[in-house]
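# Close look at the chain arrangement
The lines below spell out each chain.
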Amino acid sequence: MLKPLKRKTLAEEIIHSIRELIANGELKPGDKLPGERELAEQLCVSRACVREALRALALAGVLSIRPGDGTYLNENTSQYFSDILNTKLNFMLETNDFVQLIEARKIIESQLAKLAAKRATQEMISILEDSVIKMEKYFDDLETFIREDVKFHVTISEAAENEILFQTLSTVRELLTDVQRAVSQIEGLRPRSLKYHKKIYECVRDRKFEEAARVMDEHISDVERTLWEYLETKKC
């Protein structure tokens, strides 16, 4: 569900929250949004802020505001978010931010995988196994696949029992959220991603901590390489 907002630019934060609901599949084209009052209560902001955010999204073509009926998610939202993603990617690449974020993620996640292989409880190992099973079972269901993918990596982070690394990675992953979602849809990546997740799970289960770090590094490198190849095709 939506969470109370703490940042200064509330309208922008409301827009971000709605985008997250769309990205996570909680809001689908044609769905009716909660009313202004309900949104304001959920987000702990004024109705004026909610109204401003909804109007901005309506002007962008994401929402349709129907007087006397409510606010609905339009059918053509995918192109809107695709444009946002491409703009964000171009900016990140121009400023070298993306390269640095991927480097940070590789270093942090590899070490978290190593620590997880040393410290994971049986309960954590079972959660990892469950995520891998669901990724395989719902391979063709993109939303479920992505959700279990994220859950797997979060569980690895928690199993490592290092709060500083956990919080650092959470920040990096938040900055890469839109990028990761786009990459997950690139043809050919999901089979490899599933293969890597299985290997990482097995390394953690069998306490092969050095191998866990190596496989995680290979996994993130594969995602990075796939994204570069995708961007090159977009330039053609």
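Above this text sits the structure in question.
The structure reproduced in this document is the subject of the present report. In this text the structure is predicted, and so the values were computed from the model without any measurement.

## A short note on the overall build of the protein
Broken down by element type, the protein carries 11 helices and two strands. Starting at the N terminus, the α and β elements of the protein follow one another as α-α-α-β-β-α-α-α-α-α-α-α-α. Within the protein, buried positions represent 44% of all 236 residues. A separation threshold of at least 6 residues defines the contact pool for the protein, and within that pool the share at least 24 residues apart is 71%. As displayed, the protein offers around 13000 Å² of accessible surface, 51% of which is attributable to carbon and sulfur atoms.

## Examining helix α3 (residues 47-59)
For α3, built from 13 residues, the straight-helix expectation of 18 Å at 1.5 Å per residue is met to within 8% by its first-to-last C-alpha distance of 18 Å. Taken as a whole, α3 has its buried residues at C49, V50, A53, L54 and L57. All buried residues of α3 lie within an arc of 130° about the axis, which places them on one face of the element. Residues of α3 that are exposed and angled more than 90 degrees away from the buried face: R55 and L59. In the stretch just after α3, G61 is the one whose phi turns positive, near 85°.

## What to know about the packing of helix α2 (residues 36-43) against α3
Taken N-terminus to C-terminus, the directions of α2 and α3 make an angle of 110°; their axes are 9 Å apart at the nearest point. Classified by the angle their axes make, α2 and α3 are roughly perpendicular. Seen along the crossing, α2 lies across α3 with a hand that is right-handed. Of the residues in α3, those touching α2 at E36, R37, L39 and A40 are R47, V50, R51 and L54.

## Some points on the packing of aromatic side chains
Taken as a whole and judged by the stated rule, the model has one aromatic pair. Summarising the aromatic geometry, the rings of F139 and F145 are spaced 5.7 Å apart at their centres and angled 85° between planes, so their arrangement reads as edge-to-face. Residue classification places F145 among the buried residues on the basis of a relative accessible area of 1%. Looking at R66, its charged tip hangs above the ring of Y72, at a distance of 3.9 Å from the centre. Positioned over the ring face of F209 is K118, at 4.8 Å from the centre of the ring.

## A word on the nonpolar core
Core analysis: the largest hydrophobic core is formed by 24 residues, its most contacted members being F152, I156, I200 and V204. Looking at this core, the elements with two or more residues in it are α5 (97-119), α6 (122-137), α7 (142-159), α10 (189-205) and α11 (209-235). Looking at which element gives the most residues to this core, the answer is α5, with six residues. Once you skip the residues sitting within four places of it in the chain, I156 turns out to touch L112, A113, A116, L128, I200, V204 and M216.

## So, the pairing of strand β2 (residues 70-73)
Each regular strand displays side chains that alternate between the two surfaces of the sheet. Residue alternation in β2 divides its side chains into two sets, G70 and Y72 and T71 and L73, and both sets are buried. Of the strand pairs in this sheet, strand β1 (residues 63-66) and β2 are connected by four bridges, and their pairing is antiparallel. Among the inter-strand pairings, I65 is bridged to a residue of β2, identified as T71. A loop of three residues connects β1 with β2, the two strands running antiparallel in sequence, and G68 in this loop sits at a positive phi of about 80°.

## A few points about the pattern of salt bridges
Enumeration according to the criterion identifies 15 salt bridges in this entry. A salt bridge links E210 to K114; the shortest N-O distance between them is 3.2 Å. Highlighted residues: E210 in helix α11 and K114 in helix α5, separated in sequence by 96 residues. Among the salt bridges present, the one from R214 reaches E211, with a minimum N-O distance of 3.6 Å. A residue pair is termed a helical-turn pair when its members lie 3 or 4 positions apart in one helix, as R214 and E211 do in helix α11 at three residues. The class of R214 is partly exposed, set by a relative accessible area of 42%.

Thresholds applied
- Residues numbered from 1 in each chain as written.
- Predicted model: local features only at pLDDT ≥ 70, side-chain atom pairs only at ≥ 80, totals over all residues.
- Heavy atoms only, no water.
- Helix = DSSP H or I, 4+ residues; strand = E, 2+ residues; numbered from the N terminus.
- Buried < 20%, exposed > 50% of the residue type's maximum accessible area, 1.4 Å probe, protein only.
- Contact = heavy atoms within 4.5 Å.
- Areas by Shrake-Rupley, 256 points an atom, 1.4 Å probe, with all protein chains shown as cover.
- Expected span 1.5 Å × (residues − 1).
- Arc of directions from axis to C-beta.
- Axes fitted to C-alpha atoms, helices over the stretch in contact; angles between N-to-C directions.
- Parallel < 35°, antiparallel > 145°, perpendicular 65-115°, else oblique.
- Left-handed = near helix turned anticlockwise from the far one by under 90°.
- Phe/Tyr/Trp six-rings, centres within 6.5 Å; stacked < 30°, edge-to-face > 60°.
- Lys NZ or Arg CZ within 6 Å of the ring centre and 35° of its normal.
- Core = buried A, V, L, I, M, F, W, Y, C linked by side-chain atoms within 4.5 Å.
- Pairing = 2+ DSSP bridges.
- Salt bridge = Lys/Arg side-chain N within 4 Å of Asp/Glu carboxyl O.

These values are about where atoms sit, not about what they do.
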